[in-house]
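Read off the chains here:
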Amino acid sequence: MDSLRTHLPKFLRSDWFIALIILLIFLASNGYHYGWDDQHLELPMLKSLIDHSLYQGDYYVESLKKNFTSFFFPILARLITVKQIPTVYFILFLLSRYFMFFWMFKLWRLLAENGSRAFWYIIAFIVMVRVDEFLYRTMSHEEFTLAFVFAGIYFFYKERFVLAAVILGIAANFHALYSLFPMVFIGSYLLWQNKKHGVKTLVQSVFFYAIFSLPFLIWTISTRFNKPPIIPIPGASDWLTLYKIACPQNFLLTPGAPLTMNLKEAIPYAVLAVIFLTNIFFNPRFIKDKKTQALCFSASILLFFCFLFSYVAPNKFALDLNLIRNIQFLSFFLMGYLLILLMETIENGPLWIGFILAIFLTLLKYGHPIEPIAIILILLTFTFVTISRRENKTPLQHTLLALTAVTFLAGIILIIYLQSTLPLRSFARINLGVILVLLTLIYCYETWARKNTSFGSLRKFFYVIPLVMFSFQFSYYHYTFDQPQNRQSGFWELQDQWEEMQRYVQQNTPKDAMLLVPYNMEMGGFRIFSERKIIACFRDCGIVGFDYNAALEWERRIKDIETFKVFPSEPYTLALQKAIFKYNVDYIVFMHYARPPSDNALLKHIYSNKIFSLYQVSRPHP
């Protein structure tokens, strides 16, 4: 009992317990979902590696097994059964998320030199300034690897460079890209600061990274050498045209999109530039942090190469590197430093500035177009305060001060107008109103408390209250969306019925059955629960990064069945004919409203749910 009394308080103050609290907040506000998104790619491949009788002849799964170089799946396939996958994935998700948050917290406690602010930044990261690729609600090899990646980044900041390189080298065997980019950051920093750390440290770090990533390197090199040559096919798309269709997410801007859409997509890059300027001019911690500056510089260079090899001199290998992912690291660090600056200024700066910055911090939650304006206003606030404090101002400084004030007021007016036009739910508007009222009450209390020194300060609540309220709002949304009565319409009903149809197919059709399904379901993944091969799905497009010949096959199949989709806009008779006579499908899943009016000699109705209908193809016996 005495031992418990001694160790329990220590545990409750430890990084381990804080990471657990962060994980619980993440689960309450975001949850977990099995069987969608990137799992469209990996679950069929994993199931096929475990049970070779599944997906035999599926062009997509077979190509992934040959070309997808992550040891996560071969290792897992040797340890578990197909039935154990959901449970094992959930356990791995919890462990991966826990350790990712653990290392994130340790990292920001190191950078902020304050555990409380580090904790609240991670909460802000979850519910406000999200970096979505770091916060998927599904389990994948990427989620598994991020725990290692942030451990490596933490030890980089601790200047244990060789240990960081070893951890990132191990991570490369599970997700090479998320391992490679931090290693580039480390190399850039060591190259820049070679007088401080020596060339030997750089050489050792690169050497140990290469050694521990060697299994992946050997596998990748052998796979590339063993690929069959690309044979030109009459009428097929050239690789760049196909790549733009298949993987638009690898480009800085959506290929072929209208100029207005491209300008909107460019806003996040401009926002990052504004955040960088705010940090480099007004954030003392950022100014002296050479590691983060090296990270920002090298990530920006990689994004420049992404632009260069996407639009100026297109290169398939460079596009396969998915250099645009560096946006995730830039957002994480730049926004983190900005929030730490806001927290410190709110706590220690003039009261009226703290109040204004608390409002702008709150507005960061509301995305485009309010978030960019709020960030610009934060920059203007620091600019105005800095210039106004200078004595004997020059005419130019007076002019800048006036322009800053005018722009600031214009931004406030624009935000008030935009906020009134946002399509917010009533609960979100109430939540925002409560936050603003509470911030105002704290301001009034602080104004009064300054005259009564016996009362403590509540200024920390300027940023705690918005984060707590938004955590509650996210948790409320997550809870209500998970209620059965709220999943009976729209996307969730469609997804639920899609998965229910897959489970029926898995239990009532042969393992070697081939199916035609609407190819453009948002989450795709019909293979996941059905454990059956299909002609093609639009989300199969990710294969273009691994096997171009398979991508050509994907293009052909999509063209053959492109009229057979969720909301058909034209007759799909030709698609049915090709599915039956070219691909020899055994079963067809129709949208319920577009199913055949009755059974016929070729199609026999088997099963229907609210949205989908399953038909068996009847073939004459030879």
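Here the residue index of a chain counts from 1 through its sequence in written order. Local features in this predicted model are restricted to residues of pLDDT 70 or higher, and side-chain atom pairs are both shown and tallied only at a pLDDT of 80 or more, whereas totals for entire chains, interfaces and linings draw on every residue. Think of the side-chain values as coming from all heavy atoms in the structure, minus any hydrogens and water.

Strands are runs of DSSP state E lasting at least two residues, helices are runs of H or I lasting at least four, and both sets are numbered from the N terminus onward. Helix and strand content of the chain: 28 helices and 5 strands. Radius of gyration (C-alpha) of the chain: 27 Å, near the 25 Å computed for a compact globule of 622 residues. Dimensions of the chain, computed from the C-alpha atoms along their principal axes, are close to 95 × 70 × 60 Å. Each residue's exposure class comes from its accessible area (1.4 Å probe, protein chains only) as a fraction of the maximum for that residue type: buried when under 20%, exposed when over 50%, partly exposed otherwise. Of all 622 residues assigned to the chain, the portion counted as buried reaches 54%. Surface exposure here means Shrake-Rupley accessible area, sampled with a 1.4 Å probe, where a residue is shielded only by the protein chains that are shown. When the accessible surface of the chain is totalled, it reaches about 28,500 Å², and 66% of it is carbon and sulfur. Positive charge is attributed to Lys and Arg, negative charge to Asp and Glu, and no charge count is given to His or to the chain ends. Where a charge sits is defined by one atom per residue type, namely NZ (Lys), CZ (Arg), CG (Asp) or CD (Glu). Of the side chains in the chain, 56 bear a positive and 40 a negative charge, and the two mean positions are spaced by 7 Å. The reference for a compact globule is 2.2 Å times residues^0.38; the radius of gyration itself is calculated from the C-alpha atoms.

Our focus in this paragraph is the pattern of salt bridges. Between side chains of opposite charge, a pair can form when the charged atoms approach closely. Salt bridges, as used here, are contacts in which a Lys or Arg side-chain nitrogen is within 4 Å of a carboxyl oxygen on Asp or Glu. This model, assessed by the stated rule, comprises 22 salt bridges. The closest approach of N and O atoms between R325 and E142, which form a salt bridge, is 3.2 Å. Here E142 lies in helix α8 (residues 141-157) and R325 lies in the loop between α18 (316-320) and α19 (326-348), a separation of 183 residues in the sequence. Of the two residues, R325 and E142, both sit in the buried class. In this structure, K559 and E555 form a salt bridge, with 3.7 Å as the shortest nitrogen-oxygen distance. Linking K559 with E555, this pair stays in helix α27 (residues 548-561), spanning 4 residues, or about one helical turn. The partly exposed category is assigned to K559, whose relative accessible area is 46%. Where salt bridges share partners, they join E113, R117, R285, E344 and E347 into one cluster.

What follows covers unusual backbone geometry. Positioned with a positive phi, E113 is a non-glycine residue whose angle comes to about 55°. Among the structural elements, E113 can be located in the loop between α6 (85-112) and α7 (115-127). Located in the positive-phi region is N322, a residue other than glycine, with phi close to 55°. Following the sequence through the fold, N322 ends up in the loop between α18 and α19.

Right, let's get into the pairing of strand β5 (residues 612-617). By the criterion of burial, β5 is predominantly enclosed, with 5 of the 6 residues buried. Only strands joined by at least two bridges in the DSSP assignment are considered to pair. As defined by bridge partners, strand β4 (residues 603-608) adjoins β5 across 5 bridges and the pair is classed as antiparallel. Looking across to β5, one finds that S608 is bridged to S613. In this antiparallel pair of consecutive strands, β4 and β5, the connection spans 3 residues.

Moving on: the environment of L24. By secondary structure assignment, the location of L24 is in helix α2 (residues 15-29). In this structure the C-alpha to C-alpha distance between L24 and Y98, which are 74 residues apart in sequence, comes to 9.2 Å.

Here we come to a nonpolar patch on the surface. A contiguous nonpolar patch, built from F297, I301, F304, F305, F307, Y311 and V312 and spanning about 670 Å² of accessible area, is present on the exposed surface. Mapped onto the elements, I301 comes out in helix α17 (residues 290-312). Each patch is built from residues that are more than 30% exposed by relative accessible area and take part in no salt bridge. Like charges join if they lie within 9 Å; nonpolar side chains (Val, Leu, Ile, Met, Phe, Trp, Tyr) join within 5 Å.

This part covers helix α10 (residues 176-192). The span one expects for a helix is its residue count, reduced by one, times 1.5 Å. The end-to-end C-alpha distance of α10 is 24 Å, a good match for the 24 Å that 17 residues give at a rise of 1.5 Å each. The buried fraction of α10 amounts to 12 of the 17 residues, a majority that puts the element mostly inside the structure. Within α10 the residues assigned to the buried category are A176, L177, Y178, S179, F181, P182, M183, F185, I186, G187, Y189 and L190.

Between its first and last C-alpha, helix α9 (residues 161-172) extends 16 Å over 12 residues, near the 16 Å set by a 1.5 Å rise per residue. For α9, the tally of buried residues reaches 9 of 12 residues, placing the bulk of the element in the interior. Turning to α9, its buried residues are F161, A164, A165, V166, I167, L168, G169, A171 and A172.

Turning our attention to the environment of K451. Mapping K451 onto the fold places it in the loop between α23 (426-449) and α24 (461-481). With relative accessibility at 70%, the residue K451 sits in the exposed group. Between the C-alpha atom of K451 and that of I353, which follows or precedes it by 98 residues, the distance is 19 Å.

Strand order in the open sheet formed by 5 strands is β2-β1-β3-β5-β4, with mixed pairing between adjacent strands. Lying at the two open borders of the sheet, with one neighbouring strand each, are β2 (533-534) and β4. Pairing analysis gives 5 bridges linking strand β3 (residues 587-591) to β5, with the strands arranged antiparallel. Looking across to β5, one finds that V589 is bridged to L614. Here, two residues are considered to be in contact whenever any of their heavy atoms come within 4.5 Å of each other. With axes taken as lines fitted to C-alpha atoms, and helix axes fitted only over the stretch in contact, angles between N-to-C directions fall between 0 and 180 degrees. On top of the sheet, helix α28 (residues 573-581) reaches β1 (514-516), β3 and β5; it is set at about 160° to β3, its chief contact.

Once that is clear, we can look at the packing of aromatic side chains. Two rings belonging to Phe, Tyr or Trp (six-membered ring only in the last case) form a pair when the distance between their centres is within 6.5 Å. Interplanar angles under 30 degrees mark stacking, angles over 60 mark edge-to-face geometry, and anything in between is tilted. One pass over the structure, following the stated rule, counts 67 aromatic pairs. Seen in terms of ring centroids, F156 and Y189 are 5.7 Å apart; in terms of plane orientation they differ by 70°. Their pairing is edge-to-face. Taken together, the residues F156 in helix α8 and Y189 in helix α10 connect sequence positions 33 residues apart. By the criterion adopted, a ring carries a charge over it if an Arg CZ or a Lys NZ lies within 6 Å of its centre and within 35 degrees of its normal. The ring centre of Y366 lies 5.5 Å from the NZ or CZ of K365, which sits over that ring. Of note, R503 hangs over the ring of F529, and the distance from its end group to the ring centre comes to 4.2 Å.

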